[in-house]
Amino acid sequence: MKVEQISEHIWSVRSWLMIPFRVWVVVEADGVTLVDAGMPFIAKGILTFVEELGAGPLKRIVLTHGHSDHVGAIQKIMEKNPVPLFAHRIELPYMQGEQLYPRRKKLERNVQAGLAQPLAETEEGGLAAIGGLRPFLTPGHSPGHVVYYHEQDQVLLAGDLFTSKKGKLHRPMPMFTADMAEALKSSQIVRELRPVHLEVCHGKPVKNPAEQLDAYLADTSAALSIPTSTWQSS
């Protein structure tokens, strides 16, 4: 496990199982928020790091989505720290095994039913801030995929909205992505937010991703033969 501070309030925790994956520790006024929970074997390392950080207790876990490589350490973490767990309401039935993830053949009971609660929604229909993070619904990789933007640090924690190669935006893994055209449409959140630093679960950070977005959309559409009309914003 490798820990790296990526901004004033955010640390990246990286480990490996076949491929590298990341989760993120965010320092809040009241303690610490964990974004995603990786694989089961990383639980002890996360808890040890939070304790050594000395920024207060773990207060909550928020999920980008419910695939197994993003939720694996939840059970072990909650045995030690029974904190609230949040995901988008759309994602809950998929990750709890009540609905079949698109393009999957079996139900995935990745999180115990009732353990997670939905992210709060605003009167306007968006998602309410949670700690120092602003969540945004970005479906495509999974039905209820969410990214989290830290406004003060200008960092976007993008989960599996993208992967990256050599510091460049790259498409999420097609075999695990429910709707690539919808994922492309969701990727335009970086044009709206214009973060200076973007983190992905599988890959290295990307600087100023909005500057790469047009090339990313064109290259991915061409590589996967996705019509432009299916992902362009109306």
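Residues numbered from 1 in each chain as written. Predicted model: local features only at pLDDT ≥ 70, side-chain atom pairs only at ≥ 80, totals over all residues. Heavy atoms only, no water.

## Overview of the sheet that holds strand β2 (residues 10-17)
Strand order across the open sheet formed by seven strands is β1-β2-β3-β4-β5-β6-β7, with mixed pairing between neighbours. At either margin of the open sheet sits one strand with a lone partner, and together these are β1 (2-5) and β7 (116-118). Mean inter-strand twist for the sheet, computed between neighbouring axes without regard to direction, equals 30 degrees. Of the pairings in the sheet, the one linking β1 to β2 comprises four bridges and is antiparallel in character. Note on β2: the bridge partner recorded for E4 is S12. Along the sheet, helix α1 (residues 43-53) contacts β1, β2, β3 (19-28), β4 (31-35) and β5 (58-62); its crossing angle with β3, the most-contacted strand, is approximately 30 degrees. (Pairing = 2+ DSSP bridges. Helix = DSSP H or I, 4+ residues; strand = E, 2+ residues; numbered from the N terminus. Axes fitted to C-alpha atoms, helices over the stretch in contact; angles between N-to-C directions. Contact = heavy atoms within 4.5 Å.)

## Overview of α1
Looking only at α1, the buried set comprises A43, I46, L47, F49 and V50. Buried residues of α1 fall within an arc of 160 degrees about the axis and therefore sit on the same side. α1 presents K44, E51 and E52 as exposed residues on the side facing more than 90 degrees away from its buried surface. Within two residues after α1, G54 carries a phi angle of roughly 70 degrees, on the positive side. (Buried < 20%, exposed > 50% of the residue type's maximum accessible area, 1.4 Å probe, protein only. Arc of directions from axis to C-beta.)

## A word on the nonpolar core
In this structure, I77, Y148 and L157 are the most contacted members of the largest nonpolar core, which totals 49 residues. With six residues, the single largest contributor to this core is β3. Excluding residues within four positions of it along the chain, I77 makes contact with L34, A43, I46, L47, L58 and I61. Listed in part, the 23 residues of the second largest apolar core include Y149, L156, F162 and L193. (Core = buried A, V, L, I, M, F, W, Y, C linked by side-chain atoms within 4.5 Å.)

## Comments concerning unusual backbone geometry
One non-glycine residue, D36, adopts positive backbone phi at about 70 degrees. Looking at the element boundaries, D36 is found in the loop between β4 and α1. Residue D36 is classed as buried on the basis of its relative accessible area of 0%. If you check the backbone angles, N208 has positive phi at about 45 degrees while not being a glycine. In this fold, N208 is placed in the loop between β14 (206-207) and α7 (213-224). Assessed through its relative accessible area of 34%, N208 is described here as partly exposed.

## Regarding a nonpolar patch on the surface
On the surface, a nonpolar cluster with roughly 450 Å² of combined accessible area is contributed by L17, M18, I19 and F41. For F41, a relative accessible area of 43% corresponds to the partly exposed category. (Patch = residues over 30% accessible without salt bridge, like charges linked within 9 Å, V, L, I, M, F, W, Y side chains within 5 Å. Areas by Shrake-Rupley, 256 points an atom, 1.4 Å probe, with all protein chains shown as cover. Salt bridge = Lys/Arg side-chain N within 4 Å of Asp/Glu carboxyl O.)

## Focus: the sheet that holds strand β10 (residues 155-157)
With mixed pairing, the five strands of this open sheet are ordered in space as β8-β9-β10-β13-β14. The open sheet has two edge strands, β8 (133-137) and β14, and neither has a second partner. As paired elements, strand β9 (residues 146-150) and β10 share three bridges and run antiparallel to each other. Among the inter-strand pairings, Y149 is bridged to a residue of β10, identified as L156.

## Some remarks on the pairing of β9
Side-chain direction in a regular strand flips from residue to residue, so the side chains alternate between the two faces of the sheet. With five of five residues buried, β9 is to be regarded as a mostly interior element. The alternating pattern of β9 places V146, Y148 and H150 and V147 and Y149 on opposite faces, both of which are buried. The turn linking β9 back onto β10 is made up of four residues, and Q154 within it adopts a positive phi angle of 55 degrees.

## Topic: the packing of aromatic side chains
Where two aromatic rings form a pair, the distance of their centres and the angle of their planes describe that pair. For the structure on display, the rule yields four aromatic pairs. Arranged with centres 5.1 Å apart and planes meeting at 70 degrees, the rings of F162 and Y216 form a pair that is edge-to-face. One end of the pair, F162, is in the loop between β10 and β11 (163-165); the other, Y216, is in helix α7, with 54 residues separating them in the sequence. Residue Y216 is classed as buried on the basis of its relative accessible area of 3%. Positioned above the aromatic ring of Y101, the side-chain terminus of R104 is 5.9 Å from the ring centre. (Phe/Tyr/Trp six-rings, centres within 6.5 Å; stacked < 30°, edge-to-face > 60°. Lys NZ or Arg CZ within 6 Å of the ring centre and 35° of its normal.)

## Some words on the environment of R103
With respect to the helices and strands, R103 occurs in the loop between α4 (92-95) and β7. C-alpha of R103 to C-alpha of E51: the two residues are 52 residues apart in sequence and 40 Å apart in space. Those residues within four positions of R103 in sequence are excluded, and the remaining contacts are P174, M175, T177 and A178. Within the structure, R103 has its side chain in polar contact with the backbone oxygen of T177 (distance 2.7 Å). (Polar contact = N/O pair within 3.5 Å; in protein donor to acceptor, adjacent residues only side chain to side chain.)

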